[in-house]
Amino acid sequence: METAKQTKVDEILDRLREGLKTGEVPVELYGDKDVYAAELERIMGGSWLILGLECEIPNNGDYILRYMGQDEVIVSRDEAGEVRVMLNHCRHRGTAVCRDMKGNSSHFVCGYHGWTYKNSGKWIAAPKKNLSYQKLDGDKWGLLQARVEVRWGVIFANIDPDAPSLDEYLGDSAFFFDLFLGLDSRGFKILGEPSNYIMKKNWKMGLENAVGDCYHIFFGHTSMVDIEMLPPVHKLSDNYTTWHTASNGTGIMCKELDSVPGFKPDGTKFNGYTPEILDLFDKKGLDERHWKFLNDYHPFIIGHFPNAYIFRWYSPDPFTGNIATFYQLRIMQPRGADETEVCNIMFNYAIEPKENDVLAYSGALLMMGAGGFLDMDDGANWEGSASAGKTLFAKKHKMNLNYQMGMDGMGTDNPEYFDESLRLIGQRSTTNDANLRNFQQHYLNVMSKKEVENK
């Protein structure tokens, strides 16, 4: 029997289903607490979430704390070198067994009653075990474990034992990850400590921005134009493209190479890298299709549904003019319908010169840190949808948000198809919401599948 909350959520999803035909999205999706509760169950409870980078836990015994939805988990490398993801709650009374955000330990010990687990999650001890738990089957009382896959040095995890494999989940979007993370097979290096902070926004807003909202660049980031950190962005509207997959909500934003600083007439056409640095990469993760794409485009953001995106940009040294490319993994850790904890992890390929690391790290913080230019712009704007989604005014009027750019009658852009073997769809115009509508359609598909299963 459906509850009133379930009925309300399903009615909002029905509005989304109908609204996508005309490019309209219910604003309650960004502020309603019952919708948010359903998202935790239906999306976070069955999706492959990105939790971090393998290079964050390089040694046996290393661990970090992250979140899957609102569930705190221990991401650990056990004594056999295997990456584990475990719920940070003791099986005795539910107390957290790990309190530090990072560290190295062979065991996790509950501070309440002393139940002890190996860094693999296996239960091994309790005080006065011979008196209190003589016949306890320790194999049944280990820490709860998620499914874990490591690809491109990225740690993916899923708490649903019946969910599709990671390969099935990624589908054609694996091609996009190759473009960002396939330059070298020898892994990555962390440039500095992760940056964690709270933003007053719904978790979806930053992600849908990342999968393809180039439109906001013209107005939302003019603060950087004012201080001459960026060229006049409104003049670069024809230099941005967006691409998405037909299989899931993943999307990327690109710039056409001729518009990217650092590219030279001698054929150095890749992400601002000099020929010397480019030659260091073994390029084992790339094939002809990748180079066909990279000869025309600079992919700078990939958004992974439902919880993370990777930002790749370059930081110019104001004194020397040298350019250092940096990467940033941004994990969206929801804290409510209108609040999200952002975890920023700055990294580069391990093979890159050490002298670039300081410039790359400072550039990442300058652009996309808690006090970064881009984040301050975006953070101020992203609060709006969550705030509006809670208002009685919006609910009474069933307020919808406009996602119509690129639809018939709204623009002149036509979709472009990259390769017959891949279902990749691109738009050369910046004024197109196709990637965002694709994100919303995938969101609806996942939410509706759970809706059907629950009935």
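Each chain carries its own residue numbering, running from 1 in the written order of its sequence. A pLDDT threshold of at least 70 governs which residues receive local features in this predicted model, and a stricter bar of 80 or more applies before side-chain atom pairs are shown or counted, although totals over entire chains, interfaces and linings include all residues. By convention in this description, side-chain values take in all heavy atoms of the structure and omit both hydrogens and water.

Peer 1: Explain the sheet that holds strand β9 (residues 123–125) to me, please; I cannot follow it from the model alone.
Peer 2: Strand pairing in a sheet relies on backbone hydrogen bonds, with the paired strands running either antiparallel or parallel. The strand order across the open sheet formed by three strands is β7-β8-β9, and the pairing between neighbours is antiparallel. Only two strands of the sheet have a single neighbouring strand rather than two, namely β7 (107–109) and β9. Each neighbouring strand pair of the sheet contributes to a mean axis angle of 35 degrees, computed without reference to strand direction. When DSSP locates at least two bridges between a pair of strands, those strands are taken to pair. Working definition: helices are DSSP H or I runs of at least four residues, strands are E runs of at least two. Numbering for both runs from the N terminus. Pairing analysis gives three bridges linking β7 to strand β8 (residues 116–118), with the strands arranged antiparallel. Its bridge partner being in β8, Phe108 is matched across the sheet by Tyr117. Angles here are taken between N-to-C directions and fall from 0 to 180 degrees, while the axes themselves are lines fitted to C-alpha atoms, restricted in helices to the stretch in contact.

Peer 1: Explain the state of the cysteines here, please?
Peer 2: Here, disulfide denotes a covalent bond that connects the sulfur atoms of two cysteines. The term disulfide is used for any two cysteine sulfur atoms that are within 2.5 Å. Under the definition given, this model contains zero disulfides. Looking at the unpaired Cys214, the closest cysteine sulfur is the one in Cys254, lying at 8.3 Å. Here Cys214 falls in the buried class, since its relative accessible area comes to 1%. For Cys343, which is in no disulfide, the shortest distance to another cysteine sulfur is to Cys55 and amounts to 12 Å. Each residue is placed in one exposure class: buried if its accessible area under a 1.4 Å probe, protein chains only, is under 20% of its type's maximum, exposed if it is over 50%, and partly exposed if it falls in between.

Peer 1: I tried to follow the side chain of Asp32 on my own but got confused; where do I start?
Peer 2: Inspection of the secondary structure assignment puts Asp32 in the loop between β1 (24–26) and α2 (33–44). Here the side chain of Asp32 touches Asp34 through a polar contact of 2.9 Å, landing on its backbone nitrogen. Leaving out residues up to four positions away in the same chain, Asp32 has contacts with Lys8, Ala337, Gly389 and Lys395. Under the rule applied, a polar contact is a pair of N or O atoms within 3.5 Å (in protein, one hydrogen donor and one hydrogen acceptor; residues adjacent in sequence only if both atoms are side-chain atoms). By definition, residues are in contact when any of their heavy atoms lie within 4.5 Å.

Peer 1: Quick question: what am I supposed to make of the packing of helix α11 (residues 357–368) against helix α12 (residues 373–388) here?
Peer 2: When two helices pack together, you describe them by how their axes are tilted relative to each other and by the distance separating the axes. It is at 3 Å that the axes of α11 and α12 come closest, and there the two elements cross at 25 degrees. The pairing of α11 with α12 is recorded here as roughly parallel in orientation. Residues Leu366, Met367 and Met368 of α11 form the contact with α12, whose participating residues are Phe373, Leu374 and Asp375. Only Asp, Glu, Lys and Arg are considered charged, only Ala, Val, Leu, Ile, Met, Phe, Trp, Tyr, Cys and Pro nonpolar, and every remaining residue, Gly among them, polar. Considered class by class, the residues forming the contact of α11 with α12 number five nonpolar, no polar and one charged. In this scheme, roughly parallel covers angles under 35 degrees and roughly antiparallel covers those over 145, while 65 to 115 is roughly perpendicular and the rest are oblique.

Peer 1: Quick question: what am I supposed to make of the pairing of strand β21 (residues 416–419) here?
Peer 2: Consecutive side chains along a regular strand alternate between the two faces of the sheet. The pairing of β21 with strand β22 (residues 422–427) spans three bridges and is antiparallel. Across the sheet, Glu416 pairs through a bridge with Gly426, a residue of β22. Following β21, the chain reverses through two residues before pairing antiparallel with β22.

Peer 1: Explain the pattern of salt bridges here, please?
Peer 2: If the charged atoms of two oppositely charged side chains come close together, the side chains can form a pair. Any Lys or Arg side-chain nitrogen located within 4 Å of an Asp or Glu carboxyl oxygen qualifies as a salt bridge. Counted under the stated rule, the structure contains 23 salt bridges. Note that Asp10 is salt-bridged to Arg42, the shortest N-O span being 3.5 Å. With a gap of 32 residues between them, Asp10 in helix α1 (residues 4–19) and Arg42 in helix α2 connect regions that are remote in the sequence. You'll find Asp10 and Arg42 in the same group, each marked buried. Notably, a salt bridge pairs Arg84 with Asp78, separated by 2.9 Å at the nearest N-O pair. Under the relative-accessibility criterion, Arg84 is labelled partly exposed at 22%.

Function cannot be read off these values alone, since they describe shape.
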